[in-house]
Each structure stands twice: as structure tokens, then as C-alpha cells.
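An overview of the molecular structure
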Amino acid sequence: MNREDDLHDTATGRHEGTASRYDAATERTFAAQPPARGGSFARTWWGRAWLAALEDGALDNAQVRAGRRLARAGAVGAVSVRPGRVTAVVRDRDGTGQRADVLLTELSEGQWDRLLDLAVERSGDVAALLDGEMPPRLVEDAATAGIDLLPGLGELEASCGCGAWDHCGHTAALCYQVARLLDEDPFVLLLLRGRSPRAVLDDLQARGTAAAVPPEPAAARPRRDGVDAAQAYAAARPPLPAPPELPGQPGLPPSLDAETPPAAGVDPTAVEFLAARTTDEAHRMLAEALGGGTHACGELTADQDAVRLAAGLADTPRAFRTAVGGRLATGSGRGREGLASAVLAWRCGGATALSVLEEEWAVEGEAWARARRALESAWEKDERPVLRARGNRWTVVGTSCQLRLGRDGRWWPYRKERGRWSPAGAVARDPATALATALSFGDGDGSGGEDTGAG
């Protein structure tokens, strides 16, 4: 912390009660995250509460949207979290970096004492924190006691090297990145409020031990051996072992190059291809599991699985690609161009993207109201494109671009290539991002007709 930071903290009253304890143990640094491919920045209720404090309190919604785009593009560098402040370098699209800081008032010593007393009263709250959950009852009880654990409207104060006096795109991007960190570890919020994870756990364990020893004389109380089992387990259980490392690449399936001739009707090359695709899928599922995601494909239909297999043909010999691709195109009833579009959709988002390609549905009721609000707020009034709607598809008048709304409320970019609408990139939470992707995709070069060997 430099002198300027010290002066700023003194002027704003931050680090109250804990500034004297600041050292390396009370700072955590999180590596930069890769670009976010679709989905919400906050999955948990406490992560969404953090973002609500930003989005509802910012004076310029355009800056908030710009920050969301920067965060989604992976423009936020390593994030440093310490009491009262979170810091990162955020790079603009031209590569220029700006130091962004977001400040949050620390709890006083008295507030921390009351908060920890509340937590130790229920062993389930301690167990939830250790499991990476923020207990709703703890937050509610703390608020009743006058302690705001989660930030409120306007409480996230911004400071940026670009000179903006309110939240700019850089500090907004940092807030979106912090929401991802909070999803994984609620202790990040406790550190911002003034206590390191180790200090919180040590204090909780000390209070739990003290609470287990009644203050009255031994002769005046019945014999009580031990402490509450749930409390002891929550306070003293060892940490889980680290997950295994993800292999750098999928494993190699067994070779079928043997002297024994194959049985009638069995194509060894096709079997080897299926085995290789199975190892690829297993590697992808393991990567999702280690990254905290879930396998979203579920049980595929025969038609969907034909598209998945066709998507894996790109690295196979051309003769094999032509033979197998033709069989998949014929068997799925899609034809060469239809299978090529389906493969593009699959590579953009698996079975979900495939359903968006093929399914047109009527947007009604609450879904229509949400879609209309998203379209109205995505652009400034004078920048809003002219859209022609049909079902869940909005065609941008005067361009070869289209926006398609998925049933989950996300937007998919499309472009018209050789008379056929084809996927043009990854899904986005807001229509402006999806349209920008569609406008920059391929520039009408016919990339929607990628060779899958279907002919």
C-alpha cells in the first residue's frame, strides 16, 4: 500500500479497527481469469447481491455495460483483495491498461465481535462458510444487529487511473470479476470487510471452544463431556485434498492395428474414430468438473449425436471424412449444408445451440417482457438497430445479421450465408454483444459452409 492509498483510506475512514493488523497475510491475489463464454457472472445469491450494488448504484448504465463486455473478454488482470479494497489492472480494447480500485467500508472491531458471536451460535453457519456458501440466516441476523455484510446501494466506491469520478468501464469490469470470485469463495467478502480467512476461522474456533465450557462451578452443573458434534466437525475438520490436475490432452484409445481381420460389417477406422471422440468427450467433461461446471449435454438423441460426431471429423483424413460425413448427413436427414450448419451450432454451444438453430418458438408473457427490456436497454436510443421480429428471431434490417433468443433468455448471433442462416459465434447475455459478434463474423465470406465431409 503506497502513501497515496494510505491518505485515501484515512480520508474515507476505511480500515477502521483493522488497519494496524494489515500485512501480507491479509492480502490475497487471484490470477487473471480467461474470457467468460456466456452465462451469468454471478451464480450465487451473494454474488448477485454484489452486482446489484454496482448496477443499481452506478450513475451511467453505459459504463456498466462496457465493464461487463471488458470482463467477458478477459480484460481484467490479476485481482488483489485486501481489507477495504480490491485492485486490478484492466486493459481497454487497444491494450492500454488502467489501475482500477473498488473500495468497501470495513467493519469495526465491535461489529466483527457481534458478527462472529452470531456465526458461532449456529454450527451450520460455520459449516456453510467452510463449504463455500454464504449462510442467508447469518446475513439476515447481522443486518438485524445493524451490520451490513453485503454491500448496499452506492457502497462500492470507485477509483480509477482513467480519472472517472464514478464507476467507469474499468471499475465495473473489476466488480464483475469479483462476483466470479465471490461465487467460489465467500471469504473474499469477509476479507474486504476487514478479516483474513485464517483470522476468521481462528476466532470462530476459539469462540466455539469457549462456548463449550460453561462458566458456572463444576459442583453446580451436571457432568457434560465433550462438545456438540456438528460444531466440532465444522471447526476442526481437515481441508479436502486438492483435485487432480487435468491432463494436457485426451488419452490415446487402444490401437486396432492387429493381424486378426475384422468381422464382417465392422470398419476398424470408424471404430477408432468413435474411440477417439469418446476420449475427447471424457477429457472435456473432466475439465468442466475440475472447473466447477456441469456437463450440460445430458442424454443425446441419435440425431444430436450424429452432429457431435460430425463436429469431430475435422482432423481426420479427407477420404474418411468424406465417407463418414456423408453417412452422417444422410442418416440424420440433414444433407451436406444442413449438417455443416448444425456442426457450427454444436461448436458454439452443444445441444443447446443446436436447438436454437432448429427450433422457432413464440416468445410470450414474461419471456416477451424480459426480451423487450433487454432490447430496449442494450443500445442508446440513437444507436438502436431496426429489428424485424418473428417468433424468437430478430432480423437486423439492412444487414445479414439476426439475433435468436434461447429459452434460457440468452442471445445467439446469426448471419445469412449463401441464403441460409448459420450460427456466428458464442452466446451472449445481452443482445448488443451478440449483434457485435454477428457483425464481426466472417464478413459474409461463406464460413458457414465449413467442410465436414458431408458430401
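Further up the page is the structure itself.
The following paragraphs examine the structure supplied in this document. (Residues numbered from 1 in each chain as written. Predicted model: local features only at pLDDT ≥ 70, side-chain atom pairs only at ≥ 80, totals over all residues. Heavy atoms only, no water.)

**Observations concerning the overall build of the protein**
Helix and strand counts for the protein come out as 16 helices and 10 strands. By sequence separation, contacts in the protein at least 24 residues apart represent 66% of the contacts at least 6 residues apart. Split by element, the accessible area of the protein, about 23700 Å² in all, is 53% carbon and sulfur. (Helix = DSSP H or I, 4+ residues; strand = E, 2+ residues; numbered from the N terminus. Contact = heavy atoms within 4.5 Å. Areas by Shrake-Rupley, 256 points an atom, 1.4 Å probe, with all protein chains shown as cover.)

**Points about the packing of aromatic side chains**
Applying the stated criterion across every chain yields a total of 3 aromatic pairs. Between the aromatic rings of Trp368 and Trp394, the centroid separation amounts to 6.2 Å while the plane-to-plane angle is 10°, which identifies the pairing as stacked. Separated by 26 residues along the polypeptide, Trp368 in helix α15 (residues 365-378) and Trp394 in strand β7 (residues 393-396) bring together distant segments of the chain. Since its relative accessible area comes to 35%, Trp368 is described here as partly exposed. Under the relative-accessibility criterion, Trp394 is labelled buried at 3%. Members of the aromatic cluster, connected to one another through ring pairs, are Trp368, Trp394 and Trp411. Across from the ring centre of Tyr414, 4.0 Å away, lies the NZ or CZ of Arg404, which sits over that ring. (Phe/Tyr/Trp six-rings, centres within 6.5 Å; stacked < 30°, edge-to-face > 60°. Buried < 20%, exposed > 50% of the residue type's maximum accessible area, 1.4 Å probe, protein only. Lys NZ or Arg CZ within 6 Å of the ring centre and 35° of its normal.)

**Points about the sheet that holds strand β6 (residues 387-390)**
Pairing in this open sheet of 5 strands is antiparallel, and the strands run β6-β7-β8-β9-β10 from one edge to the other. Edge positions in the open sheet fall to β6 and β10 (420-423), since each of these has one partner strand only. Strand-to-strand twist in this sheet, taken as the mean axis angle between neighbours without regard to direction, amounts to 30°. Those strands touched by helix α14 (residues 335-358) are β7, β8 (401-405), β9 (411-417) and β10, and its axis lies near 50° from that of β10. (Pairing = 2+ DSSP bridges. Axes fitted to C-alpha atoms, helices over the stretch in contact; angles between N-to-C directions.)

**Some thoughts on the nonpolar core**
If you look at the biggest cluster of nonpolar residues, it comprises 56 residues, and the most contacted ones within it are Trp50 and Leu174. No other element matches helix α7 (residues 169-184), which puts 9 residues into this core. Once you skip the residues sitting within four places of it in the chain, Trp50 turns out to touch Leu104, Pro151, Leu156, Cys175, Val178, Ala179, Leu182 and Leu192. (Core = buried A, V, L, I, M, F, W, Y, C linked by side-chain atoms within 4.5 Å.)

**Observations regarding the packing of helix α4 (residues 109-121) against helix α6 (residues 136-144)**
α6 packs onto α4 with a crossing angle of 140° between their chain directions and a minimal axis gap of 10 Å. In terms of orientation, α4 lies oblique with respect to α6. Considering how the two elements wind past one another, α4 and α6 form a crossing that is right-handed. On the side of α4, the interface is formed by Leu115, Leu118 and Ala119, while α6 contributes Leu138, Asp141 and Ala142. (Parallel < 35°, antiparallel > 145°, perpendicular 65-115°, else oblique. Left-handed = near helix turned anticlockwise from the far one by under 90°.)

**Things to note about the state of the cysteines**
Applying the stated rule across the entire model yields 0 disulfides. The cysteine Cys160 is free of any disulfide, with Cys162 supplying the nearest cysteine sulfur at 3.5 Å. (Disulfide = S-S within 2.5 Å.)

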